[in-house]
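# Architecture at a glance
Residue strings, one per chain:
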Amino acid sequence: MGSEAFLDLRPGNLIEPVSGRRWDVQEIIRQVALRVRRYEQAGMAPGDRVFIPYGNRLEFFADLLAVWRLGGSAAPLDGRLTAFEIEQLAQAARPRFFLVDDTLDAPTLGFLSRMDAKVLNTLENERGAGTASAIELPADRSFIDNEALILFTSGSTGNPKGVVHTHRSLHARWAALREHVGLEALGETLCVLPTYFGHGLICNCLFPWLAGQNLFITPPFRPDLVMQLGALIDDHKISFMSSVPAVWQLALRVSRPPARGTLKQVHCGSAPLTARFWKEIQGWCSTEKVWNAYGITETGSWTAGTSLGEFVPEDGLIGKPWGAVIKIFTTSDTAMPPAAELECKSGDSGSVWIRTPALMRGYLNRDDLTRQAICEGWFLTGDIGRIDDRGLLYLQGREREEINKGGVKVYPADIDAVVARFEQAADAVAFGIDDPVYGQDIGLALVLRNSDAAIIRELYAWMQRHLAQHKMPKRWYLMDSIPRRSNGKVNRAAVGEHCAKSTPLDLRAIMQSGAGKQP
Amino acid sequence: MNSLNDRPQRKAALIEFLRTIQRPDRPIEAIPENQELVESGLIDSLALLQIVSYLEETYRIDFRERGVNPSDLGSVGAILDLIERGGG
């Protein structure tokens, strides 16, 4: 089976509410066909990997469908990544093409041009297209078990972790969502999440849009847009949107609520939701249908959820599986599948495991990581939870190390890896710190061979060259040593607690004492 | 409105606050009152939320009913004007 279903499904219209641009179905198909023709002429072929370091605009969706039509796989990237970070990902995935727009800065674009891959600007696809209103779409070259999507969840500074989904696993997720979420409320769907993010791309965008619903796409995580969220919902008669707690936290404080009553259903995911906060969102949205969705990139994002209308909100309540079997076991060992006798009794806490046809194929070129996460179809989520006697899942904590900064996941090992490459750094550990606005921000414990202010300024400049701005630690702590276990691993939470008792470096004074000097 | 009664006082207090959220490598003293805070790179766009918190806590401005016009947070001058209007 080919993936022609993507276009045969007749996707809905695409709208950019900020710019006012709009493509109807006919124009979308024309845009896809233009790209298929140009990219094929440029040599794109089945099996090619294509990096797309931009997103959240109409062209992104046409590029994605064109890559799939040609039998390739797409890796949407955060456009804020540095050239260094993109290089790390490219070394792992060996893309044959970069599809770029006009948002990439000149140094990064220059860097991509020197890599062993072709760089094509998606905004140049109209060149030579003439005025033809329709271009014939060539035959689909994809197959259901082809690699379709690579979503990098960490390792942008070394040993990238790329979640590989096939067309089959994506279709399985969408089929499950159609059954459990439905399309009734999704007619006018708004996405304010990034398209390099499983939650934003697979569920908020592609699920409704490929099923014929209209998709309104905005630039991601823009506080100025969230400040006008109520007006945006009213102006475009938005009926559905999904987001993350950090965005809701902001919207509830700085945006007037929508007034026209068009919002029928809302999802919140990617971080735990408290009962109180859940009710506040419901009040702002004026709809009972505020659903807490449990999303994991490896299982195609939204894998379980419930709605306020069905159950009384409780801290940590997720609900029932959507196209998956979810069980709690006492084991987190993936050397063998979890045995029935290790399943927790109702109400007992343990490790959350999932079986679903929407499970990723594995981590890109990382069989070691895949073996640590999957055993005979069972995926170890890294979350701690329980299932009550009604069969409802509750999440209680995470074993994962990620830092959730305002809904954006930052992997502390990525920061450690950059600091470790700095000559004067003897050791470094990044960790999450509580933040009243973002939920979490980033702290850095640092051991330097030479802690002069000039060296700290050099390190700051080094990190800026290698890390996207949102990954820069907010508080830096200088230490004599960082305690590690005998296997070299570190307890980041313990390091964070230790640092909390110390005074962070006055980075501003250090940086500005060197103003005008070359780092 | 709190005890910061005149614009120079409020500006000094605002600059002092912005120092706590700015990117450390950008000198704030030099920023003109009408310079865009985010576009100039002094703060990242998410830091607008911290400015909102500051205004709520320092000047008891409640944004929940009428929301925030992002341009009112765009520069030191715009923020001071917003404070003088009592958030409206």
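Residues numbered from 1 in each chain as written. Chains lettered and ligands numbered in written order. Predicted model: local features only at pLDDT ≥ 70, side-chain atom pairs only at ≥ 80, totals over all residues. Heavy atoms only, no water.

### Brief notes about the overall build of chain B
When helices and strands are tallied, chain B shows three helices and zero strands. Here chain B has a C-alpha radius of gyration of 12 Å; the compact-globule value for 88 residues is 12 Å, and the two agree. By principal-axis analysis of the C-alpha atoms, chain B measures approximately 35 × 25 × 20 Å. Residue pairs at least 24 apart in sequence account for 51% of intrachain contacts in chain B once pairs closer than 6 positions are excluded. (Helix = DSSP H or I, 4+ residues; strand = E, 2+ residues; numbered from the N terminus. Rg over C-alpha atoms; globule rule 2.2 N^0.38 Å. Contact = heavy atoms within 4.5 Å.)

### Let's talk about unusual backbone geometry
Positive phi, close to 55°, is recorded for Ser286(A), a residue that is not glycine. Within the secondary structure layout, Ser286(A) lies in the loop between helix 11 (275-285) and strand 13 (290-296).

### Some details on the interface of chain A and chain B
Taken together, the contact pairs 22 residues of chain A with 27 residues of chain B. Contact between chain A and chain B buries roughly 2100 Å² in total, counting both sides, with carbon and sulfur atoms accounting for 59%. Among the residues of chain A in contact with chain B, Met227(A), Arg253(A) and Arg508(A) are the three that bury the most area, contributing 28% of the side total. Where chain A touches chain B, the interface holds one salt bridge. With its nearest N and O atoms 2.7 Å apart, the salt bridge here joins Arg253(A) to Glu56(B). At the junction of chain A with chain B, the criterion picks out four residue pairs in polar contact (both at pLDDT 80 or more). Secondary structure elements with two or more residues in the side of chain A that touches chain B: helix 8 (223-226), helix 10 (245-254), helix 14 (453-466) and helix 16 (507-513) of chain A. Broken down by class, the residue content of the side of chain A that touches chain B amounts to 12 nonpolar, five polar and five charged. (Buried area = accessible area lost by both parts, 1.4 Å probe. Salt bridge = Lys/Arg side-chain N within 4 Å of Asp/Glu carboxyl O. Polar contact = N/O pair within 3.5 Å; in protein donor to acceptor, adjacent residues only side chain to side chain. Nonpolar A, V, L, I, M, F, W, Y, C, P; charged D, E, K, R; others polar.)

### Here we look at the packing of helix 13 (residues 412-420) of chain A against helix 14 of chain A
All names here are of chain A. Where helix 13 contacts helix 14, the axes come no closer than 10 Å and their chain directions differ by 125°. Taken as axis vectors, helix 13 and helix 14 run oblique relative to one another. Note that helix 13 runs across helix 14; the crossing there is right-handed. Residues Ile415, Val418 and Val419 of helix 13 pack against Leu459, Trp462, Met463 and His466 of helix 14. Classifying every residue of the contact of helix 13 with helix 14 gives six nonpolar, one polar and no charged. (Axes fitted to C-alpha atoms, helices over the stretch in contact; angles between N-to-C directions. Parallel < 35°, antiparallel > 145°, perpendicular 65-115°, else oblique. Left-handed = near helix turned anticlockwise from the far one by under 90°.)

### What to know about the pattern of salt bridges
A side chain of one charge can pair with a side chain of the opposite charge when the charged atoms of the two come close. Residues and elements named next belong to chain A. Going through the model one piece at a time under the given rule, you end up with 33 salt bridges over all chains. Between aspartate 63 and arginine 35 there is a salt bridge whose closest N-O contact spans 2.9 Å. Of the two residues, aspartate 63 is situated in helix 3 (residues 58-69) and arginine 35 in helix 2 (residues 25-41); the sequence distance between them amounts to 28 residues. Residues aspartate 63 and arginine 35 agree in their burial class; the two are buried. Among the salt bridges present, the one from arginine 168 reaches aspartate 145, with a minimum N-O distance of 2.7 Å. Here arginine 168 is found in helix 6 (residues 167-180), whereas its partner aspartate 145 is found in the loop between strand 6 (118-121) and strand 7 (147-154), with 23 residues between them in sequence. For aspartate 145, a relative accessible area of 40% gives the class partly exposed. A network of salt bridges, in which partner residues are shared, links Glu16, Arg21, Arg57, Glu59, Asp101 and Asp102. (Buried < 20%, exposed > 50% of the residue type's maximum accessible area, 1.4 Å probe, protein only.)

### Digging into the environment of Thr381(A)
Residues and elements named next belong to chain A. Secondary-structure assignment places threonine 381 in strand 20 (residues 378-387). Through-space distance from the C-alpha of threonine 381 to that of isoleucine 354 is 7.2 Å; in sequence the pair is 27 residues apart. When neighbours within four sequence positions are excluded, threonine 381 is seen to be in contact with Tyr294, Ile296, Val352, Ile354 and Arg400. A polar contact is formed between the side chain of threonine 381 and the backbone oxygen of valine 352, at a distance of 2.8 Å.

### A closer look at the pairing of strand 25 (residues 439-448) of chain A
Residues and elements named next belong to chain A. With eight of 10 residues buried, strand 25 lies mostly within the body of the structure. Strand direction decides the pairing type here: strand 24 (residues 425-435) and strand 25, joined by 10 bridges, are antiparallel. In the sheet register, valine 429 faces strand 25, and the bridge partner there is alanine 445. Bridge analysis of strand 25 against strand 26 (residues 475-478) gives four bridges, and the strand direction is parallel. By the bridge assignment for strand 26, leucine 446 is matched with leucine 478. Note that the unit made of strand 25, helix 14 and strand 26 has a crossover that is right-handed. (Pairing = 2+ DSSP bridges. Right-handed = clockwise from strand over helix to strand, strands pointing away.)

### Topic: the side chain of Glu16(A)
All names here are of chain A. Examined against the element boundaries, glutamate 16 turns out to sit in the loop between strand 1 (14-15) and strand 2 (22-23). Judged by its relative accessible area of 8%, glutamate 16 falls in the buried class. For glutamate 16, the side chain forms a polar contact with the main-chain nitrogen of leucine 58, separated by 2.9 Å. Residues contacting glutamate 16, with those up to four places away along its chain left out, are Arg21, Arg57, Leu58, Glu59 and Ile217.

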